[in-house]
Amino acid sequence: MQDDEIKNYLKNHPEFFEQNASLLAEIHLPSPHGSGTISLAERQQLAQRDKINALEERFAELVLNAKDNDAIANKIHALNVELHKARSFDEIEQLVSALLPEHFDLADTCLRIWTRPRDPANHANLVFSEVSDEAKTWVTALTQPYCGTQPEIVAEDWFIEPAGSVALIPLRLQQAIGFLALASDDASRFYAEMGTDFLTKIGEILSAALSRYLD
């Protein structure tokens, strides 16, 4: 008799186990945990226990992720509030350069805008430093924030020190107006497969705040 025939018979005749209940205790199999042999019934109990443990670990992971997401959402909300309270372009720039690294545990940030400021006096701000055409084209083509190692377009004046990983967020109104780059010392902090919903929200909030000061 072939294995498939035995499987089909047992599936089609569940009463076999009721009629031969003692057989479950008589059949012994290698323990999945490497400790001799155990009965078929014990093997099934272990399998169920392992499945429950895996589900409990997965649930704990989901709870932890939910807590982390809540913490990030609260930080983004706090950033949004501070940006709304800002009364000048310089205040917004200070929030980006000081508040973001503090709240999100970043090594550095870089804000660059190539749209002209409404107040010519703001043009001297480092934020309006020249950005290469290659970088503008690269940022404009992004459909979502970039996450990963430093791309070749990163200029020497963007960060104080080379980053282990970066997130580069395009800033848009009707069209691309610049970008916000976030740097981390941790090479695994920003990676290609990570979700970018929170980064996108930061970009939208910052773009809206900047719109008050740009042509």
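Refer to the structure presented above.
Residues numbered from 1 in each chain as written. Predicted model: local features only at pLDDT ≥ 70, side-chain atom pairs only at ≥ 80, totals over all residues. Heavy atoms only, no water.

Student: Before we go on, may I ask you to explain the overall build of the protein in this structure?
Tutor: Counting secondary structure elements, the protein contains seven helices and six strands. For the protein, the α and β elements follow one another from N to C terminus as α-α-α-β-β-α-α-β-α-β-β-β-α. The buried share of the protein, taken over its 215 residues, is 34%. Sequence-distant contacts in the protein: of pairs separated by 6 or more residues, those separated by 24 or more amount to 54%. Per element, the accessible surface of the protein, about 13,800 Å² overall, is 52% carbon and sulfur. (Helix = DSSP H or I, 4+ residues; strand = E, 2+ residues; numbered from the N terminus. Buried < 20%, exposed > 50% of the residue type's maximum accessible area, 1.4 Å probe, protein only. Contact = heavy atoms within 4.5 Å. Areas by Shrake-Rupley, 256 points an atom, 1.4 Å probe, with all protein chains shown as cover.)

Student: What should I look at first to understand the packing of aromatic side chains in this one?
Tutor: What describes a pair of aromatic rings is the distance from one ring centre to the other and the angle between the planes of the rings. Per the counting criterion, the structure on display carries five aromatic pairs. On the numbers, 6.4 Å between centres and 75° between planes, the contact of Phe-89 with Tyr-213 is edge-to-face. Taken together, the residues span a long stretch of sequence, with Phe-89 in helix α5 (residues 89–104) and Tyr-213 in the segment after α7 (197–210) at a distance of 124 residues. Under the relative-accessibility criterion, Phe-89 is labelled buried at 2%. Judged by its relative accessible area of 17%, Tyr-213 is buried. A connected cluster of aromatic rings, assembled from ring pairs, spans Phe-89, Phe-128 and Tyr-213. (Phe/Tyr/Trp six-rings, centres within 6.5 Å; stacked < 30°, edge-to-face > 60°.)

Student: Whenever I open this one, the sheet that holds strand β5 (residues 165–172) confuses me. Can you help?
Tutor: Across a sheet, paired strands are connected by hydrogen bonds in the backbone, their directions being either parallel or antiparallel. Taken in spatial order, the four strands of this open sheet run β3-β6-β5-β4, and their pairing is antiparallel. Both edges of this open sheet fall to β3 (108–113) and β4 (146–148), since each of them pairs with a single strand only. The mean angle between the axes of side-by-side strands here comes to 10°, regardless of whether they run parallel or antiparallel. Lying over the sheet, helix α6 (residues 133–140) contacts β4, β5 and β6 (176–184), oriented at roughly 80° with respect to β5. (Pairing = 2+ DSSP bridges. Axes fitted to C-alpha atoms, helices over the stretch in contact; angles between N-to-C directions.)

Student: Looking at this structure, how should I read the packing of α5 against α7?
Tutor: Helix-helix packing: each pair is described by the crossing angle between the helix axes and the interaxial distance. Packing of α5 against α7 brings their axes to within 11 Å, and their N-to-C directions diverge by 160°. In terms of their interaxial angle, α5 and α7 are classed as roughly antiparallel. Seen from above, α5 lies across α7 with right-handed handedness. Along the contact surface, α5 presents Phe-89, Ile-92, Val-96 and Phe-104, while α7 presents Ile-202, Leu-206, Ala-209 and Leu-210. (Parallel < 35°, antiparallel > 145°, perpendicular 65-115°, else oblique. Left-handed = near helix turned anticlockwise from the far one by under 90°.)

Student: Honestly, a negative patch on the surface in this entry has me stumped. Any pointers?
Tutor: A cluster of acidic residues, Asp-105, Glu-161, Asp-185 and Asp-186, forms a negative patch on the protein surface. Residue position: Asp-185 is located in the loop between β6 and α7. (Patch = residues over 30% accessible without salt bridge, like charges linked within 9 Å, V, L, I, M, F, W, Y side chains within 5 Å. Salt bridge = Lys/Arg side-chain N within 4 Å of Asp/Glu carboxyl O. Lys, Arg positive; Asp, Glu negative; His and termini not counted. Charge placed at Lys NZ, Arg CZ, Asp CG, Glu CD.)

Student: Teacher, can you tell me more about the side chain of Arg-112 here?
Tutor: Within the secondary structure, Arg-112 is located in strand β3. Among the polar contacts listed, one links the side chain of Arg-112 to the backbone oxygen of Asp-157, at a separation of 3.3 Å. If we skip the residues at most four places from it in the chain, Arg-112 touches Leu-126, Val-127, Ser-129, Val-131, Asp-157, Trp-158, Ile-177, Gly-178 and Phe-179. (Polar contact = N/O pair within 3.5 Å; in protein donor to acceptor, adjacent residues only side chain to side chain.)

Student: I keep staring at the pattern of salt bridges and nothing clicks. Help me out?
Tutor: Two side chains that carry opposite charge are able to pair once their charged atoms sit near each other. Counted according to the given criterion, the structure contains two salt bridges. Among the ionic pairs, Lys-85 bridges to Glu-82, the shortest N-O distance being 3.4 Å. With Lys-85 and Glu-82 both in helix α4 (residues 40–85), this residue pair falls three residues apart, about one helical turn. Judged by relative accessible area, Lys-85 falls into the partly exposed class, the value being 48%.

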